[in-house]
Amino acid sequence: MMAIAVPATAADVAACLITKTDTNPFFVKMKEGAEAKAKELGISLKSYAGKVDGDNETQVAAIETCIADGAKGILLTASSTSAIVPSVQKAREAGLLVIALDTPLEPIDSADMTFATDNFLAGELIGKWAAASLGDKAADAKIAMLDLDVSQPSVDVLRDQGFLQGFGIDLGDPNKWGDETDPRIVGNDVTQGNEEGGRKAMENLLARDPDINVVYTINEPAAAGAYEALKAIGREKDVLIVSVDGGCPGVANVADGVIGATSQQYPLLMASKGIEAIAAWAKDGTKPAASDGKSFFDTGVALVTDKPIDGVSSTSVEDGKKLCWG
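Residues numbered from 1 in each chain as written. Predicted model: local features only at pLDDT ≥ 70, side-chain atom pairs only at ≥ 80, totals over all residues. Heavy atoms only, no water.

### What about the overall build of the chain?
A count of helical and extended segments in the chain gives ten helices and twelve strands. By its C-alpha atoms, the chain is 80 × 35 × 35 Å across when sized along the principal axes. A burial count over the chain gives 54% of its 326 residues as buried. A fraction of 70% describes how many contacts in the chain between residues 6 or more apart in sequence connect residues 24 or more apart. Looking at charge distribution, the chain has the averaged site of its 29 positive side-chain charges lying 4 Å from that of its 48 negative ones. (Helix = DSSP H or I, 4+ residues; strand = E, 2+ residues; numbered from the N terminus. Buried < 20%, exposed > 50% of the residue type's maximum accessible area, 1.4 Å probe, protein only. Contact = heavy atoms within 4.5 Å. Lys, Arg positive; Asp, Glu negative; His and termini not counted. Charge placed at Lys NZ, Arg CZ, Asp CG, Glu CD.)

Structure follows, in structure tokens:
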């Protein structure tokens, strides 16, 4: 008797969400988006997270579990964008659709598709805004670069290099940070994307040069930590902090003057679109397509500030609050 392949119904479809952590508000919102869309579509969703940002081992174990459980697809924000690739390949060979959210894998085509902010553009927007805000003083700026992790995942590099280009600093190798020779850069330190890491990194760089007046941060928790370090020495009012994320707490920090400007991302949209992609894959094998002219599906970015600059597109804090992590 011949077996007939039957397309999966929504009730048959299981999906996995694997984030870097389950504490960062960005990934909390991403989980909310995935859960809401999965419930709407009748998809069974299991969520996993690393213990800390950079915890590749836990993410590898989560992928193994998803394969064993017969999931149709995985949504992944990778802690190590290259070390995770063999596990992603194993999942794809087992017939799972793997969508990278927010953080492209290395190489980017290791996943079936990436749903993300244009992270280079996000960095470039805050770099342009910071340089324009300083005006002539930008030529003598003293910049602290608060990055993510020594492994330099793709999102870390893209935001860092985008900021520097936007600020008008010549890049070295655009595929890594820390090799620039511009004397305005005081140095790079890593934060693990959290407040405590941001505070320690800021303290380290202030020890190197107490006259830092511009601080780039990988995300808003790191920015909050940097602000606390500056506040401890009475310099919170005369240092310009810029960041990326656009979460509701971060936008509130822009309103309060903790952060000058931030580039807003839309993780809830990334996750909901990812669940829709898994549903389509399970139904008839359709794979998602990249945005025109790009190697990924662009979920958008907007600069949020209450101090707009001519020539740099931005949105107000009021609008940023309405859109924060939609």
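### A word on empty space enclosed by the protein
A water-sized probe rolled over the atoms picks out the places where empty space is left. Summed over the entire model, instances satisfying the criterion amount to one cavity of 30 Å³ or more. Approximately 110 Å³ is the volume found for the largest cavity. Forming the boundary of the largest cavity are 14 residues, of which Lys-20, Phe-27, Asp-102, Arg-159 and Asn-219 lie nearest the centre. Where the lining of the largest cavity is concerned, the elements lending two or more residues are helix H1 (25–41) and helix H5 (154–167). The class makeup of the residues in the lining of the largest cavity is five nonpolar, four polar and five charged. (1 Å grid on protein atoms, 1.4 Å probe; cavity = no way out; pocket = protein on both sides within 12 Å on 5 of 7 lines; lining within 4 Å. Points joined across faces, edges and corners; volume = space filled by probe spheres on them. Nonpolar A, V, L, I, M, F, W, Y, C, P; charged D, E, K, R; others polar.)

### Remarks on the side chain of Gln-264
Looking at where Gln-264 falls in the secondary structure, it is placed in strand S10 (residues 261–264). A polar atom in the side chain of Gln-264 sits 3.1 Å from the side chain of Tyr-266. Here Gly-320 takes part through its backbone oxygen, which lies 3.0 Å from a polar atom of the side chain of Gln-264. Setting aside residues up to four positions removed in sequence, Gln-264 forms contacts with Asp-245, Gly-246, Val-251, Gly-300, Val-301, Ala-302, Val-304, Gly-320, Leu-323, Cys-324 and Trp-325. (Polar contact = N/O pair within 3.5 Å; in protein donor to acceptor, adjacent residues only side chain to side chain.)

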